[in-house]
Amino acid sequence: MADILRVATAEFADKGLSGARIDEIAALTRTSKRMIYYYFGNKEGLYLAVLEDVYRRIRVVESQLQLEDLPPAEALRKLVAFTFDYQHEHEEFIRLVMNENMQRGEFLAQSRVIQELNTPVIDAVRQIYERGVAEGVFRPHIDPVDIHLAISSLCFFSVANRHTFGLIFKSQMGSAPDLAKRRDNACEMLLRFVQA
């Protein structure tokens, strides 16, 4: 199953739900369509399993960051930097989320686990934020979901729009110096957003 998910992740990220073919996934995994259907029911079931898996993977790594051991500003900076780096290193995550948004969330809406998978990141943001408010370094009355949205926005856009943005503004969006500068900028913007 893990091999099927790995190959299907690449296929769906590259071709989207409508363009990916079960025949191709089966050929690349040296399994049969019948086995894929046995495990996942149909193409849409496989697609949903892939979506859940990519969210699960980022959340597992996030949970290992030990943010609770750091002062609030440092913890938030570490979370933003991690998110930025992870999303740049896992373009398939961005492409799959973009595809699912083009589907208007139709398949994630069918997931029985997607909220459960994503609750830990909101809890982590909430804990960092509440510690920062209690210490007087963060301003009060910001919804942790809004903080997460801001983090996601800055990091996601940097990957999702790098080709068009780079062409329009003649920028080397993928160069190491540019990535480091944009990661630092994202961290600074988020810290200023919550700053007391």
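Residues numbered from 1 in each chain as written. Predicted model: local features only at pLDDT ≥ 70, side-chain atom pairs only at ≥ 80, totals over all residues. Heavy atoms only, no water.

Where an unreviewed UniProt entry is consulted, the chain appears under the name TetR/AcrR family transcriptional regulator, with the organism given as Curvibacter cyanobacteriorum.

**Side note on the overall build of the chain**
Along the chain, the regular secondary structure elements total 10 helices and zero strands. For the chain, the residues scored as buried account for 43% of the 196 residues in total. Within the chain, residue pairs in contact and separated by at least 24 positions form 70% of the contacts whose partners lie at least 6 positions apart. Surface accessibility of the chain: about 11,000 Å² in total, with carbon and sulfur atoms responsible for 53%. Averaging the positions of the 24 positive and the 27 negative side-chain charges in the chain gives two centres separated by 5 Å. (Helix = DSSP H or I, 4+ residues; strand = E, 2+ residues; numbered from the N terminus. Buried < 20%, exposed > 50% of the residue type's maximum accessible area, 1.4 Å probe, protein only. Contact = heavy atoms within 4.5 Å. Areas by Shrake-Rupley, 256 points an atom, 1.4 Å probe, with all protein chains shown as cover. Lys, Arg positive; Asp, Glu negative; His and termini not counted. Charge placed at Lys NZ, Arg CZ, Asp CG, Glu CD.)

**Brief notes about the side chain of Glu-62**
The topology assignment puts Glu-62 in helix α4 (residues 43-63). A relative accessible area of 9% means that Glu-62 is categorised as buried.

**Quick look at the UniProt feature "domain: HTH tetR-type" (unreviewed entry) in the chain**
UniProt's entry tags residues 1-58 with the feature "domain: HTH tetR-type" (unreviewed entry), counted in the numbering of this structure. From the first C-alpha to the last, residues 1-58 spans 19 Å; its make-up is 86% helix and 0% strand. (UniProt positions renumbered as here; feature names shortened; annotations may be inferred.)

**With respect to the packing of aromatic side chains**
Under the definition given, this model contains nine aromatic pairs. Between Phe-157 and Phe-165 the ring centres are 5.6 Å apart and the planes differ by 85°, which places this aromatic pair in the edge-to-face class. Joined through ring pairs, the aromatic side chains of Phe-12, Tyr-47 and Phe-107 make up one cluster. (Phe/Tyr/Trp six-rings, centres within 6.5 Å; stacked < 30°, edge-to-face > 60°.)

**Topic: the UniProt feature "DNA-binding region" (unreviewed entry) in the chain**
Per the UniProt annotation, the sites labelled "DNA-binding region" (unreviewed entry) are residues 21-40. Summarising residues 21-40: 80% helix, 0% strand, and an end-to-end C-alpha distance of 14 Å.

**Let's talk about the confidence of the model for the chain**
For the chain, the average pLDDT comes to 96, and 100% of its residues sit at 70 or higher. Confidence scores differ between elements of the chain, with helix α9 (residues 162-169) showing the lowest mean pLDDT of 91 and helix α5 (residues 72-89) the highest of 98. (pLDDT = per-residue confidence, 0-100.)

**Describing the layout of surface pockets**
Computed from the structure, the largest pocket encloses a volume of approximately 390 Å³. For the largest pocket, the lining is made up of 18 residues, of which Tyr-55, Arg-59, Asn-118, His-148 and Ser-152 are closest to its centre. It is helix α8 (residues 144-160) that contributes the most residues to the lining of the largest pocket, six residues altogether. Considered class by class, the residues forming the lining of the largest pocket number 11 nonpolar, five polar and two charged. Size it by volume and the second largest pocket reaches roughly 200 Å³. (1 Å grid on protein atoms, 1.4 Å probe; cavity = no way out; pocket = protein on both sides within 12 Å on 5 of 7 lines; lining within 4 Å. Points joined across faces, edges and corners; volume = space filled by probe spheres on them. Nonpolar A, V, L, I, M, F, W, Y, C, P; charged D, E, K, R; others polar.)

**Regarding the nonpolar core**
As a rule of thumb, nonpolar side chains are buried together in soluble globular proteins. The biggest cluster of nonpolar side chains holds 56 residues, and the ones touching the most others in it are Phe-12, Ile-25, Leu-46, Leu-76 and Ile-147. When residues of this core are assigned to their parent elements, the largest contribution, nine residues, is made by α4. Not counting the four nearest positions on each side in its chain, Phe-12 is found in contact with Leu-17, Ala-20, Ile-25, Lys-43, Leu-46, Tyr-47, Val-50, Leu-96 and Asn-99. (Core = buried A, V, L, I, M, F, W, Y, C linked by side-chain atoms within 4.5 Å.)

**Quick notes on the environment of Phe-157**
Structurally, the position occupied by Phe-157 is in helix α8. Once the C-alpha coordinates of Phe-157 and Gln-87 are considered, the two residues, 70 residues apart in sequence, prove to be 9.9 Å apart. With near-sequence residues (within four places) excluded, Phe-157 lies in contact with Ser-152, Arg-162 and Phe-165.

**Quick look at α5**
An ideal rise of 1.5 Å per residue puts 26 Å on 18 residues; α5 measures up with 25 Å between its terminal C-alpha atoms. By the burial criterion, the buried members of α5 are Pro-72, Ala-75, Leu-76, Leu-79, Val-80, Ala-81, Phe-82, Thr-83, Phe-84, Tyr-86, Gln-87 and His-88. Summarising the contacts, the buried residues of α5 are in contact with α4, α6 (91-102), α7 (114-134), α8, α9 and α10 (176-194). (Expected span 1.5 Å × (residues − 1).)

**So, the packing of helix α3 (residues 33-40) against α4**
The interhelical angle for the contact between α3 and α4, taken along N-to-C directions, is 65°, at an axis separation of 8 Å. Considering how the two elements wind past one another, α3 and α4 form a crossing that is left-handed. Contacts between α3 and α4 involve Ile-36, Tyr-37 and Phe-40 from the former and Lys-43, Gly-45, Leu-46 and Ala-49 from the latter. (Axes fitted to C-alpha atoms, helices over the stretch in contact; angles between N-to-C directions. Left-handed = near helix turned anticlockwise from the far one by under 90°.)

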